[in-house]
Amino acid sequence: LDGKVGDGDCGNTMKRGAESVLEVLPKMSTQSPKKTFAAIGRALNGLGGSSGVLLSVMFTTMAGSMSEDAKFTREAIGPAFVE
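Residues numbered from 1 in each chain as written. Predicted model: local features only at pLDDT ≥ 70, side-chain atom pairs only at ≥ 80, totals over all residues. Heavy atoms only, no water.

Draft legend 1. Here's a closer look at the pattern of salt bridges. According to the stated counting rule, one finds one salt bridge in the structure shown. Here Lys-15 and Glu-19 are joined by a salt bridge, their closest N and O atoms 2.7 Å apart. Of this pair, Lys-15 and Glu-19 both sit in helix 1 (residues 10-24), four residues apart, roughly one helical turn. The exposure class assigned to Lys-15 is exposed, which follows from its relative accessible area of 51%. (Salt bridge = Lys/Arg side-chain N within 4 Å of Asp/Glu carboxyl O. Helix = DSSP H or I, 4+ residues; strand = E, 2+ residues; numbered from the N terminus. Buried < 20%, exposed > 50% of the residue type's maximum accessible area, 1.4 Å probe, protein only.)

Draft legend 2. Fine view of the side chain of Ser-56. Checked against the element boundaries, Ser-56 lands in helix 3 (residues 49-64). Here Ser-56 is in contact with Gly-41, Leu-44 and Asn-45, once residues within four sequence places are set aside. (Contact = heavy atoms within 4.5 Å.)

Draft legend 3. Region of interest: the confidence of the model for the chain. Residue-level pLDDT values for the chain average 85, and 87% of them are 70 or greater. Within the chain, no element has a lower average pLDDT than helix 1, which sits at 86, and none a higher one than helix 2 (residues 33-45), at 93. (pLDDT = per-residue confidence, 0-100.)

Right under this line is the structure:
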């Protein structure tokens, strides 16, 4: 995907990121979007490279924009994508 402009590892990084999330998913709370997004952000922080940092910041920021009692609804999660 980023072979012409980047270093060509975007696909590998995304795959490792998805595997990291799948690895921690059974260990994280999925009742709260705030906690779920924060856990995903922590998992992606160890991914390395600029993609890992950017994805980690994105999920952590999204988690920070949600209330503690947020539910998995469009109204609760949608605004996090605008932040």
